[in-house]
Amino acid sequence: SKQGKVAIVGSGLIGQNWSMIFAGAGYHVTLYDTDMDQLMRAKTSIKSTLEQYERDGYLRGKTTAVQQNALVSTSSSLSECLSDAFYVQECVPENLELKKKVFKEMDTMANKDMILASSSSCLCASMFTEGLTHKSNMLVAHPINPPYFIPLVELVPAPWTNQELVTRVRTLMEEIGQSPITLRRESLGFALNRIQYAAINESWNMYQSGLLSAEDIDRVCHDGLGLRYAFIGPLETMHLNANGIADYCERYAEGAYNVQKETFKPVPVMYDVETAMKVQEEFSQTMPLDKLAERRSWRDKRLAEISKLKKTL
Ligand code: NAD
């Protein structure tokens, strides 16, 4: 295995995913949780998931599931978990007071070379690292669910995060098979949710106005934009759909502006219960609430297959 140990703090869904990703890349991983039963369940689940991925052909890296599982150990002590780790990935629940508490504790165990990253989806590092001794070594590294199959990681430094350290985390993420992006400063929603919320807003607006069904709105993405977006983003789309993006703007800016002026509503869009219940009613035909777990497995299987295919293209 590689030199170097990674500490994972919090052994829920995201902590388990990071553990498997780092073990797949050959790192020793120590997983910690305050809930001992959960920690044991996580260890069992990592073992069986790695074996399942091996059978399905989804396992990362060049080693076997047994070898990767052997790299993952657990600890009931935070200081033991962090001891000798060069990288810490915090994965405790999204709660500001809890993140503050955990980072304050980890700060007392850190050293000047230790990198401490948070998986936080919404909270910015400046909200929970201010005043800490090692705050320049702390940042957000936000994964996307399920991180084993969706490689994007949003790196979001606090104003005091060491820039050179951000570069090192970016290199590390690439090395373990993730796909990092770097925000130059903190911004609510980071990047993915800003794009996602724009898509949700227009979906909501179209549904509310009765323009088309919920199923058809979603189809615009999974049989339309989504196929394109698996390879090129909105900006490259502009670049390729004309003779370069400047030409695109010359040709289509006015048309796009008119569409937005005519159809977009003022933001923010509040998701109202009435519309939500209507969409849910429509979904209940094919995806009633008691079948969501099944549907999530269906989704994860497809994400696994597409991520496998993408690596071969
Ligand atoms: P989870 O509830 O599945 O797991 C959290 C784990 O942290 C639990 O096992 C809990 O026992 C443990 N924990 C609680 N307090 C602790 C402490 N003081 N020290 C150590 N462990 C502690 O949550 P999750 O879905 O894995 O999310 C973890 C983080 O990742 C959150 O910040 C979340 O916003 C972020 N995230 C989640 C997703 C997602 O889709 N679930 C996606 C990206 C990022």
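Higher on the page you've got the structure.
We now turn to the structure provided with this report. (Residues numbered from 1 in each chain as written. Predicted model: local features only at pLDDT ≥ 70, side-chain atom pairs only at ≥ 80, totals over all residues. Heavy atoms only, no water.)

1. Notes on the overall build of the chain
Part 1: Within the chain, the regular secondary structure consists of 13 helices and 8 strands.
Part 2: A compact globule built from 313 residues should have a C-alpha radius of gyration of about 20 Å, and the chain, at 22 Å, falls within 12% of that.
Part 3: Dimensions of the chain, computed from the C-alpha atoms along their principal axes, are close to 60 × 45 × 40 Å.
Part 4: Among the 313 residues that make up the chain, the fraction classed as buried is 38%.
Part 5: When contacts within the chain are restricted to residue pairs at least 6 apart in sequence, those whose partners lie at least 24 apart make up 67%.
Part 6: Carbon and sulfur atoms make up 57% of the accessible area of the chain, which amounts to about 17,900 Å² in all.
Part 7: Charge centroids of the chain, computed over 34 positive and 38 negative side chains, lie 4 Å from each other. (Helix = DSSP H or I, 4+ residues; strand = E, 2+ residues; numbered from the N terminus. Rg over C-alpha atoms; globule rule 2.2 N^0.38 Å. Buried < 20%, exposed > 50% of the residue type's maximum accessible area, 1.4 Å probe, protein only. Contact = heavy atoms within 4.5 Å. Areas by Shrake-Rupley, 256 points an atom, 1.4 Å probe, with all protein chains shown as cover. Lys, Arg positive; Asp, Glu negative; His and termini not counted. Charge placed at Lys NZ, Arg CZ, Asp CG, Glu CD.)

2. Brief notes about the nonpolar core
What tends to happen in soluble globular proteins is that the nonpolar side chains get buried as a cluster.
Part 1: Phe22, Tyr87 and Ile176 are the most contacted members of the largest nonpolar core, which has 38 residues in total.
Part 2: Broken down by secondary-structure element, the contributors of at least two residues to this core are strand E1 (5-9), helix H1 (13-24), strand E2 (28-32), helix H2 (36-56), strand E5 (115-118), strand E6 (138-143), strand E7 (152-157) and helix H7 (163-175).
Part 3: Beyond its immediate sequence surroundings of up to four residues, Phe22 is in contact with Val6, Ile8, Tyr27, Val29, Tyr87, Leu172, Met173 and Ile176.
Part 4: Residues Val9, Val92, Met138 and Ala158 belong to the second largest nonpolar core, which totals 26 residues. (Core = buried A, V, L, I, M, F, W, Y, C linked by side-chain atoms within 4.5 Å.)

3. A short note on the site of the ligand
Part 1: Inspection of the region around the ligand gives 24 residues, with Ile14, Asp33, Glu94, Lys99 and Ser121 positioned closest.
Part 2: Between the ligand and the protein, one listed contact pairs an oxygen atom with a backbone N or O atom of Val92 at 3.3 Å.
Part 3: In the environment of the ligand, an oxygen atom lies 2.6 Å from a nitrogen or oxygen atom belonging to the side chain of Glu94.
Part 4: Considered on its own, the ligand offers 840 Å² of accessible surface; in the complex 77% of this is hidden by protein.
Part 5: When residues of the shell around the ligand are traced back to their parent elements, those giving at least two are H1, helix H5 (96-109) and E6.
Part 6: Counting residues per element, the shell around the ligand draws most heavily on H5, which supplies 3 residues.
Part 7: For the shell around the ligand, the residue count by class is 10 nonpolar, 10 polar and 4 charged. (Near = heavy atom within 4 Å. Polar contact = N/O pair within 3.5 Å; in protein donor to acceptor, adjacent residues only side chain to side chain. Nonpolar A, V, L, I, M, F, W, Y, C, P; charged D, E, K, R; others polar.)

4. Considering the pattern of salt bridges
Part 1: For the structure on display, the rule yields 10 salt bridges.
Part 2: Arg168 is the partner of Glu164 in a salt bridge, and the nearest nitrogen-oxygen pair spans 3.2 Å. Of this pair, Glu164 and Arg168 both sit in helix H7, 4 residues apart, which is roughly one turn of the helix.
Part 3: Look at Glu164 and you get partly exposed, because its relative accessible area is 44%.
Part 4: Exposure remark for Arg168: the relative accessible area of 37% places this residue in the partly exposed category. (Salt bridge = Lys/Arg side-chain N within 4 Å of Asp/Glu carboxyl O.)

5. Some details on the sheet that holds E1
Part 1: Taken together, 8 strands build an open sheet; the order of strands is E3-E2-E1-E4-E5-E6-E7-E8 and the sheet is mixed. Two strands in the sheet have a free side with no partner beyond their single neighbour: strand E3 (72-75) and strand E8 (179-182). Averaged over all pairs of adjacent strands, the angle between their axes in this sheet comes to 25°, without regard to strand direction.
Part 2: Bridging between E1 and strand E4 (residues 85-90) involves 5 bridges; their strand directions are parallel. If you follow Val6 over to E4, its bridge partner there is Tyr87.
Part 3: Where H2 meets the sheet, it contacts E2 and E3, and its direction lies at approximately 175° from that of E3. (Pairing = 2+ DSSP bridges. Axes fitted to C-alpha atoms, helices over the stretch in contact; angles between N-to-C directions.)

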